[in-house]
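Residue-level structure breakdown
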Amino acid sequence: MQPQATTQENKLPHPFEDEKLKNNHLNILLVSDIHMGTKKLEKLKSWFYDKYKQRVHYVFASGDFDNIDNNNPSKTDNQIKQYENLSNILAYLEFASVPIIYIPGNHDVPEILEKQTKLTQHSILIQNASYKLAEGLQVVGCGGSIPAFTRKNGKSELFWEGYPYSSDNDFGVDLRKALDKNCADKDM
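What this report covers is the structure whose coordinates are included nearby. (Residues numbered from 1 in each chain as written. Predicted model: local features only at pLDDT ≥ 70, side-chain atom pairs only at ≥ 80, totals over all residues. Heavy atoms only, no water.)

Some points on the overall build of the chain
What the chain contains, in helices and strands, is three helices and eight strands. Split into buried and exposed, the 188 residues of the chain put 35% on the buried side. Residue pairs in contact within the chain that sit at least 24 positions apart in sequence constitute 63% of those at least 6 positions apart. A total accessible area of about 12500 Å² is found for the chain, and carbon and sulfur atoms account for 50% of it. (Helix = DSSP H or I, 4+ residues; strand = E, 2+ residues; numbered from the N terminus. Buried < 20%, exposed > 50% of the residue type's maximum accessible area, 1.4 Å probe, protein only. Contact = heavy atoms within 4.5 Å. Areas by Shrake-Rupley, 256 points an atom, 1.4 Å probe, with all protein chains shown as cover.)

Looking at the pairing of strand β8 (residues 155-160)
Where strand β7 (residues 148-152) meets β8, five bridges bridge the pair, whose relative direction is antiparallel. Note on β8: the bridge partner recorded for Arg151 is Ser156. (Pairing = 2+ DSSP bridges.)

Examining the side chain of Asp108
Looking at the element boundaries, Asp108 is found in the loop between β3 (100-103) and β4 (123-125). Of the side chains bearing the opposite charge, Lys81 lies closest to the buried Asp108, which forms no salt bridge; the N-O distance is 13 Å. Within polar-contact distance, the side chain of Asp108 engages the backbone nitrogen of Asp64 at 2.8 Å. Engagement of the side chain of Asp108 in a polar contact is seen with the backbone nitrogen of Phe65, the distance being 2.7 Å. (Lys, Arg positive; Asp, Glu negative; His and termini not counted. Salt bridge = Lys/Arg side-chain N within 4 Å of Asp/Glu carboxyl O. Polar contact = N/O pair within 3.5 Å; in protein donor to acceptor, adjacent residues only side chain to side chain.)

Thoughts on unusual backbone geometry
Residue Pro164 follows Tyr163 across a cis peptide bond; omega there is 5°. In this fold, Pro164 is placed in the loop between β8 and α3 (168-183). The backbone of Asp33 sits at a positive phi, close to 50°, despite the residue not being glycine. You can call Asp33 partly exposed: its relative accessible area is 42%. Here the phi dihedral of Asn153 falls at roughly 50°; this positive angle occurs in a residue that is not glycine. With respect to the helices, strands and loops of the structure, Asn153 is situated in the loop between β7 and β8.

Describing the sheet that holds β3
Here four strands make up an open sheet; going across it, the order is β1-β2-β3-β4 and the pairing parallel. Edge positions in the sheet fall to β1 (28-31) and β4, since each has one partner strand and no second. When the angles between neighbouring strand axes are averaged without regard to direction, this sheet yields 20°. Relative to β3, strand β2 (residues 58-62) runs parallel, the two sharing four bridges. What sits directly across from Ser62, in β3, is Ile103. (Axes fitted to C-alpha atoms, helices over the stretch in contact; angles between N-to-C directions.)

Here it is, written out as structure tokens:
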């Protein structure tokens, strides 16, 4: 059987183009790489109140809330302060009065990658977990970083260490586990 060519006549509409779904919408504010930059968050908050207050349903925060050097992370050095920093940033993001769905980055407290911890009233950690946004729509999280490389004089050099992943394959294994656990043949 030959695959059927997609034409304008037989193409399925995108969910937001479907007349039956036209009034269903979801607005997401995405923030990333805050690195303790509260001045930038002040600007974001001001912009939000001026322009989009009633139009955002979720805030997605995709890591690097702090500036921790995780090349050689220690599970005891400043752990309380690191959790305080993360909690403070998440609490600050609650200005939107909507759920904050977040994953940690490679510059955040290492332990947050290993356990689900409720840090603020409206924040939801989805590290290797999922969250149902709407009927038929969920988000799955897998935070951290793989190593980054740069080219110098024709040679590939390490630019930063990955954390907690040392390769694309390591990340792929965790992502596959998270997808299998949270998305495989399940009702959302």
